Amino acid sequence: MICDNITTAANGHLLFAGQDTAALAREYGTPLYLMDEDRIRRNCRTYTAAFRRHFGDRARPLYASKALSCKRIYEIMREEDMGVDVVSSGEIYTALQADFDLSRAYFHSNNKTDEDIRYAMDCGVGCFVADNAEEIRAIEDEAAARNIKQSVLLRLTPGIDPHTYEAIATGKVDSKFGSAIETGQAEEITAFTLRQPHIDLAGFHCHVGSQVFAEDVFERAAVIMLEFIAHVKAKYGCMARQLDLGGGYGVRYVESDPYLDVDAKVGQVAASIRETCARLELEIPEIHMEPGRSIVADAGMTLYTVGTVKRIPGYKNYVSVDGSMADHPRYALYGALYTCFLANKMNEAADFPCDVVGRCCESGDIIQRDVSLPASVGRGDLVAVCTTGAYHYSMASNYNRLPRPPIVMLRGGSEHYAAVRRESPEDLCRNDL
Ligand SMILES: *Cc1c(COP(=O)(O)O)cnc(C)c1O
């Protein structure tokens, strides 16, 4: 199985986190996002334990909350002793509603507005991850007006190609994010930042990409960043206290994706950091990483009800479901692969080739191409799409005026509760004047 929280009952129903998906679909309706709360917590603990073991007590994993942002997730992160990344005033507001301690939040984005900067300082966001010199100027101005010293990390691009989808590769020299070490711009912005009286340059950040499996991407990034840190220390007398290596560990969407052992991976990165720091005669900075996808992706599953099944002899077959690219955007965005099942007929042979498609008026509205489902698939059957905990609800839209699905949390093998309710027709018109 794609993940060990997916199993099959004797009656042929797909079980997720030990619970009958057909029964959940009946109770909550479809489309439906399910989240395995126990799995989210387990993924957090894998990171917090690995960090403690390999990096020591000061190091901290930060949940990149753009992967799934809602009040409940910040409560879980608070309980699991995680820090968080936020990327907008909206995420900051949501975290506040969950009583998340924002001194443990890192504020990202390549274009924070002046309002964002003011709001984040009002809310006591612990650290800004600054992307560019204009932003440093804006942070300095706002901090000066408040007579505070704002802690800042600088986002740098180490010039590494992580071999993932182009749209989620972010660490190359020509990226829209950060300042490149290679072009000298990283040093320029560092020198500029050090001249600002109301900014405390706490260290440096990089994020090379997402859905990364490649062997040594984080080790190579760490070496490049530490060499830069050593250069800055020698030339400017400023030692970075923090080094944030970003997020991006890959998860299994399809059977051909490898398993990734986070503890072992973090161990390898730590070994590389120790070795490099010894070579450069640097004290080891506090290490952060920012997993998003690998915290929530495999804790999620989407359920849809089948409507039309269209057979075009000699061409292809379409199975249409009651969801769409509006709740499942990553196929339309970059052809992301997912594993699909007919959740109420797991005991039947899946030998009917089809494309599972959404209900939007858009040819690109594909859930997944080249899927095999049982040939008896028909109206009222239940399609499950696995590994949809990351970048689904958070990227969902109301395209075609479709209400966003609810998020139902599963825990303890039998408990379930709604963490986000289904949008109503009134919600869809709420802002229409
Ligand atoms: C998106 C993002 C992450 C999280 O990436 P995942 O692939 O979800 O782990 C972490 N850091 C930054 C800066 C990001 O933009």
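Coordinates for the structure precede this section.
The rules behind the values
Each chain has its residues counted from 1, following the order in which its sequence is written. Totals for whole chains, interfaces and linings use all residues, but because this is a predicted model, local features are given only for residues with pLDDT of at least 70 and pairs of side-chain atoms are given and counted only at 80 or more. Think of the side-chain values as coming from all heavy atoms in the structure, minus any hydrogens and water. We define a nonpolar core as any set of buried Ala, Val, Leu, Ile, Met, Phe, Trp, Tyr and Cys residues linked to one another through side-chain atoms lying within 4.5 Å. For every residue, the accessible area (1.4 Å probe, protein chains only) is compared with the maximum for its type, and the residue is labelled buried under 20%, exposed over 50%, or partly exposed between those bounds. The way it works is that DSSP assigns letters per residue, a run of H or I at least four long becomes a helix, a run of E at least two long becomes a strand, and they are numbered from the N terminus. Contacts: residue pairs with any heavy atoms within 4.5 Å of one another. Here an angle of 0 to 180 degrees is reported between the N-to-C directions of two axes, which are lines fitted to C-alpha atoms, with helices fitted over the stretch in contact. Reported orientations rely on four angle classes, namely roughly parallel under 35 degrees, roughly antiparallel over 145, roughly perpendicular from 65 to 115, and oblique for the rest. Here the nonpolar group is Ala, Val, Leu, Ile, Met, Phe, Trp, Tyr, Cys and Pro; Asp, Glu, Lys and Arg are the charged ones; every other residue, Gly included, is treated as polar.

Undergrad: Mind showing me how you'd approach the nonpolar core here?
TA: Nonpolar side chains tend to gather and get buried jointly when the protein is soluble and globular. Of all hydrophobic cores here, the largest spans 106 residues; its most connected members are Ile40, Tyr63, Met77, Phe204 and Val296. Per-element tally for this core: the top contributor is helix α8 (residues 217–236), with ten residues. Setting aside anything within four residues of it in sequence, one finds Ile40 in contact with Met35, Ile73, Ile76, Met77, Ile295, Val296, Ala299 and Met409. Formed by 21 residues, the second largest nonpolar core is a distinct cluster that contains Leu24, Leu32, Phe341 and Ala343.

Undergrad: It is not clear to me how the packing of helix α6 (residues 133–146) against helix α7 (residues 185–194) should be interpreted in this structure. Could you clarify?
TA: Close contact between α6 and α7 brings their axes to 10 Å; oriented N to C, the two are set at 10°. What the angle tells us is that α6 and α7 run roughly parallel. In this structure, α6 contributes Ala133, Ile136 and Arg137 to the contact, and α7 contributes Ile189, Phe192 and Thr193. A per-class count over the contact of α6 with α7 returns four nonpolar, one polar and one charged.

Undergrad: It is not clear to me how unusual backbone geometry should be interpreted in this structure. Could you clarify?
TA: The linkage connecting Thr30 with the following residue, Pro31, adopts the cis geometry, with an omega of -10°. Residue position: Pro31 is located in the loop between α1 (21–28) and β4 (32–36). Phi at Asp99 is positive, roughly 55°, even though this residue is not glycine. Mapped onto the elements of the fold, Asp99 is located in the loop between α4 (89–97) and β7 (105–107).

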